[in-house]
Amino acid sequence: MTAIAEHKPAPPKPGTGGGDGGFIDLVLRFRELTILAALIVLVAVTTAVNPRFLSAQGVEDIFLNASILVLLAVGQTLVVVTRNIDLSVGSTVGLVAFVVGDFVTNSDHGLVVAVALGVGIGAVCGLVNGLLVSFCGVPALVVTLGTLYVIQGLNHYIAHGEQISAAEVPQSILDLGNGAILGVPYLPLISVVVMLLVGYYLRAYSSGREFYAIGSSPEAARLAGVPIRRRVLTAYLASGVLAGLAGTLWLARFGTVIADPAKGWELKVVAAVVVGGVAIVGGVGTVYGAALGALLITTIGSVLVVLKINSFWQEAIVGLLLLLAISADRLVALRLARVLRKRNARHG
Amino acid sequence: MNAPAPPAPPRLALVNVSKSFGAVQALQGVTIELYAGEVHALAGENGAGKSTVVKTFAGVHRPDTGELRLNGEPVTFHGPADAQAAGVAVIYQEPTLFPDLSVAENIFMGRQPRTSLGRIDRRAMHAAAAELFTRLGVALDPRQPARGLSIADQQVVEIAKAISRDAQVLIMDEPTAALTGQEVARLFTVTRTLQQQGCAILFISHRLEEIFELCQRVTTLRDGRWIGSELLDGLTTDDLVHRMVGRELEDLYPKQDVTPGEVALKVSRLTREGVFTDVSFQVRRGEIVALAGLVGAGRSEVARAIFGVDRWDAGEVEVGGVGLPSASPTAAMAAGLALVPEDRRQQGLVMDMSIERNMGLTQLRSLRRASGPGPLISRRAERDRARDWATRLQLKFSRLGDAVGVLSGGNQQKVVLAKWLATEPSVLIVDEPTRGIDVGTKAEVHRLLSELAAQDLAVLMISSDLPEVLGMADRVLVMHEGRLVAEIPRDQATEESVMAAATGQLKGKAAA
Amino acid sequence: MAEGRTAGGLDLGRFLRWDVVVAALLIVVFFGGAGLSPDFGNTDNLSFALGDLGEIALIALPMTLLVVCGQVDLSVASVLGLASALTGALWDAGWAFETIVPVVVLAGVVCGLINGLLVTRLGLPSLAVTIGTLSLYRGLAYVLLGTEAIAEFPQQYADLATTNVPGTPVPYPVALFVLLAIVTALVLHATGIGRSLFAIGAQEDAAFYAGIRVKRIKLVLFAVSGVVAAFAGIVYTLRYGSARADNGVGLELAVIAAVLLGGVDFDGGKGTLGGVIAGVLLIGLLRNLLMLNDVATEIQSIVTGLLLIVSVLTPRLITAAGQARARRRHRDPAAAPA
């Protein structure tokens, strides 16, 4: 292998081979590092103004609040990486939270039944989306916009103006949302475990890499014999299952659930994912970045409260963050393309 | 029965295969047999159906009639995955890589080396990729993302992919089109090694000398029809050309001699960093000037910059003495430029739109004026103008309201020409004007270009079709790696002189 | 492959155009509805149903142009909300209504231009951009007005939004819609701009190579979308007599549903304005019908969602079936070569 240089007549791209990989790697990592830096600055400044922000309780609250968004962001990453989108997750969470709540109210059904039911409903929603997108070839945005509507309507129909009250939800379920093991609350624990599992799968398994292949170049994926339809279906199924889990956790955390409680969350999730460096055109991004994006967005919400800034700013800031993220990505990509073009020129 | 060593059946074969797309008959009764340990050439002009053959072998297309046979047994490939499972590897003209993934992942997608737990063994994968590159004699970093690789390097990645698959059949669709002489030699060495290992190889190239150098047998196609399969031994280049073209070459190129008029297009020191450098030339009225060179030499890029599709970094373009701004097709059109682009399906036409609307797309303003005051378009004017041009170019169609996508390639190209000629340009740039169209229409296009030049139009023609370049051009400009390296007058232009310049073997003694 | 698809789609397209199907469906619903519910057919109800559709119908016009051009603007409902909040805030601050209207419309232009510039200058996908501005503009609406509701707008303007054009059963906003619909139809189907839109949506490269100013056209379209959404915000505010930050939440979905239901291809390049108008009316009548028959309002969003999916799914299934048939047809005669 040391003989490589001898075979090549003219010294090609001297010494840049490894360096370039490193450079581009850095650009990709750069996103996650930037968010981390932004988080640290945000926390530092807020703590300086109000030291109670970093109290054990404050931190725990942020992690509790972020965990549901992180779960959804992990599912959404799977979908977006394949160059698709799932806008129905917000209504799925709502439907699951309500239906599971309704089912367990004043019953002796335990935690296992609740989770199984929630995940089951989520899986059905994901399956419908996935089948329509992958096998019927309907644009993802349209399908999931449609199912958003349908699921939302179902939720309202089932709820019929009623709400689930925490007092009627079995304690075992509420414990899941508010309990802890060795001082670590269950909710963030679940999210982190799911994130690590999915992240590991996407990086270390052949089928996981195919999600990226599909998003990076559907044509090349087809020619390479990647089972595109099956993978896209899997992505939606996973997104649905995680939304189902998130819905059950929502019930566990809040206990009191009105109809369609997570209305509008689909956009928050997409924002988290995109801010976290997952390219909306697919092929690029990690669940870790997406989770960081979710954490950042949640933290901003808490910061606004602590700094006594009108909490109405939150939605605007989320939107602004998303725009900043995609613009920055684009500018970096354009810059990179120019650098590569000029480098090719130099080495002819 | 099997005593006297029966010849092994071909590894992979098409037997009497026909295939059509809509109205276009792409293949008709084609038979090709690929034997183990043999390099088989597929010869034919542009549009003869070579790419369809490749895609049929690759499992992308399925034959309408006839059979695909694997080791003598009929087989159906339901998709590229089936073909791959059967040991068929394809290297396409334009490499299809995953830009966001690393080179090693591109090679091993779906077949990454795994640990006992089933997860990807990255270290082994990178080592395997590095070893493949060593065998191929190239220095590529397996960890580098595919985005930004040169075409030659992308080709290398594709070849590494095929080798890593242990392919039994290797299909190479014009792999040398974008390579330099050294890179071609390297590729041939690798190909011969594979051949000795018993691989069956199909090789496509426009450079006939490459076919004679590398291959043992050749199948010739003309207009999708099978002309014959034979041993190359004893065949001459002329024989092969004759089989491909099916008539004397002179018939095809009716360029009339004209005395060039004033300068219509003047390009001075045009540069787009990393793409082309310092390109200067002029085209006079009445002249057809060809811009020749290998794929990737920067010819189309120069044309796109002149027309304003791409920005240029330095230099000037003048049309009829007036300077053009960079990156404005609208300004270029107003100055009298027209560009018939390289990629008809993406850039030339809106495939789902009707013939008449496609033709009218370049003249929306004048169609508007024709119908009187207001911004409304006169459909009658649109249709009349379209019918007029359809007649002049002898377009074969059933209705002007039909989507342009249902026409044959040649007729589609006529629509593109009509769409631009209707703008009454003073300079016409045509990029690969006859790629993928049948011989009959090809001759018509040549006659048309010749007539237009005789009527004082300045024509800049980009073509990879050497006979076309030699037959049509008053002057041949040759590009190599983004620079203009030679200007050859008509009487000195030969296949040898143009190819020598195009492959960079001319440095120093430059323009003849 | 592509050629096969074009041929197959066209064959069937000649006999079965989706916008015609929707129009037929509209007629069925209309007469079916009249039979089902005696109140349905009377003019008062119809003019109410139409008025109720006003904002959706108005915004659907520029949205049609955008989708034909291969773009989408998801921020329209937020622009509507922001316009409503701004109207309220300025009115509360004592501005004259005559001054408020141009200022709000101008704000709509700015919102649209921000979308358009991000799409054209940076080359970002409009979907991602407008998901971002959806959040941003709605957030700004909340920042302006919080959860307050501003009411008591001048009567003469409120009347304009709620009453009928004298001597007709047509509410003023609907009359405005009719006017704009005619203009939009002419632009889309009878001008060079319309031709350009179809070309951009179907094959952007080819349009650009033909000298069409792709970026400028897109930019203008986004600006127009912003203006119309802002104006619809004023109408909405007056019609309900209440300016709130959350006015029109989720309306973008109804608009897109109507446009797609009308047969406009989400991938761009195909569609008719007539189809969209039929789609808007169909959604409006269905909602009205469900309401009259005391079907829970929740069902409405289920119906809208299903319609949206069906409207995109059906043409695809028809095309796929057509292709399969074309393939079979092709194979049989070819089996016996001449």
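Residues numbered from 1 in each chain as written. Chains lettered and ligands numbered in written order. Predicted model: local features only at pLDDT ≥ 70, side-chain atom pairs only at ≥ 80, totals over all residues.

1. Let's talk about the packing of helix H4 (residues 76-92) of chain C against helix H5 (residues 97-122) of chain C
All names here are of chain C.
- Orientation of H4 relative to H5, taken along the N-to-C sense of each, is 150°, at an axis distance of 10 Å. In terms of their interaxial angle, H4 and H5 are classed as roughly antiparallel. Here the hand of the crossing between H4 and H5 comes out right-handed. Where H4 abuts H5, its residues Val-79, Leu-82, Ala-83, Leu-86, Thr-87, Leu-90 and Trp-91 lie against Phe-97, Ile-100, Val-103, Val-104, Ala-107, Gly-108 and Cys-111. (Axes fitted to C-alpha atoms, helices over the stretch in contact; angles between N-to-C directions. Helix = DSSP H or I, 4+ residues; strand = E, 2+ residues; numbered from the N terminus. Parallel < 35°, antiparallel > 145°, perpendicular 65-115°, else oblique. Left-handed = near helix turned anticlockwise from the far one by under 90°. Contact = placed C-beta atoms within 7 Å.)

2. Points about the domain arrangement of chain B
- Partitioning chain B into structural domains gives domain 1 (12-97 + 149-246), domain 2 (249-336 + 425-512) and domain 3 (355-424).
- Centre-to-centre separation of domain 1 of chain B and domain 2 of chain B, based on C-alpha positions: 30 Å. (Domains from an automatic or database assignment.)

3. Notes on the interface of chain A and chain C
- Each partner contributes to the interface: chain A provides 40 residues, whereas chain C provides 38 residues.
- Counting only elements with at least two residues in the side of chain A that touches chain C, the list comes to helix H6 (140-159), helix H12 (265-275) and helix H14 (313-347) of chain A.
- Among the elements that make up the side of chain A that touches chain C, the one with the highest residue count is H6(A) (14 residues).
- In the side of chain A that touches chain C, the residues fall into 28 nonpolar, ten polar and two charged. (Nonpolar A, V, L, I, M, F, W, Y, C, P; charged D, E, K, R; others polar.)

4. Considering H5(C)
Residues and elements named next belong to chain C.
- With 26 residues, H5 extends 37 Å between its outermost C-alpha atoms, agreeing within 8% with the 38 Å of an ideal straight helix rising 1.5 Å per residue.
- All buried positions along H5 are accounted for by Ile-100, Val-104, Ala-107, Gly-108, Cys-111, Gly-112, Ile-114, Asn-115, Gly-116, Leu-118 and Val-119.
- Immediately downstream of H5, the backbone of Gly-123 shows phi near 70°, a positive value. (Expected span 1.5 Å × (residues − 1). Buried ≥ 20, exposed ≤ 12 C-beta atoms within 10 Å, placed from the backbone.)

5. Remarks on the confidence of the model for chain B
- Averaged over every residue, the pLDDT of chain B is 86; residues scoring 70 or more account for 92%.
- For residues 508-512 of chain B, every residue scores under 50 in pLDDT, and the model assigns this stretch eight contacts once sequence neighbours within four places are set aside. (pLDDT = per-residue confidence, 0-100.)

6. With respect to the sheet that holds strand S19 (residues 475-480) of chain B
All names here are of chain B.
- Across the sheet, which stays open at both edges, the six strands sit in the order S16-S17-S18-S13-S19-S20 with mixed pairing between neighbours. Looking at which strands have only one partner, the edges of the open sheet turn out to be strand S16 (337-340) and strand S20 (483-489). Across the sheet, the axes of successive neighbouring strands diverge by a mean angle of 20°, strand direction being ignored.
- Here strand S13 (residues 288-293) pairs with strand S18 (residues 458-462) via four bridges, running parallel. Bridging across to S18, Val-289 finds its partner in Leu-460.
- Sitting on the sheet, helix H9 (residues 299-307) is in contact with S13, S16, strand S17 (427-431), S18 and S19, with an inclination near 145° to S17. (Pairing = 2+ DSSP bridges.)

7. Regarding the confidence of the model for chain A
- Per-residue confidence for chain A gives a mean pLDDT of 85, with 90% of residues at or over 70.
- Predicted confidence in chain A is weakest over helix H1 (residues 4-7) of chain A, with a mean pLDDT of 34, and strongest over helix H11 (residues 228-254) of chain A, with 96.

8. So, the pairing of strand S4 (residues 65-70) of chain B
Residues and elements named next belong to chain B.
- Of the pairings in the sheet, the one linking strand S1 (residues 12-21) to S4 comprises five bridges and is antiparallel in character. Its bridge partner being in S4, Leu-12 is matched across the sheet by Leu-70.
- For S4 and strand S5 (residues 73-75), the ladder comprises three bridges, and the chain directions are antiparallel. By the bridge assignment for S5, Arg-69 is matched with Pro-74.
- Linking S4 back to S5 in an antiparallel pair, the connection comprises two residues, with Asn-71 at a positive phi of about 50°.

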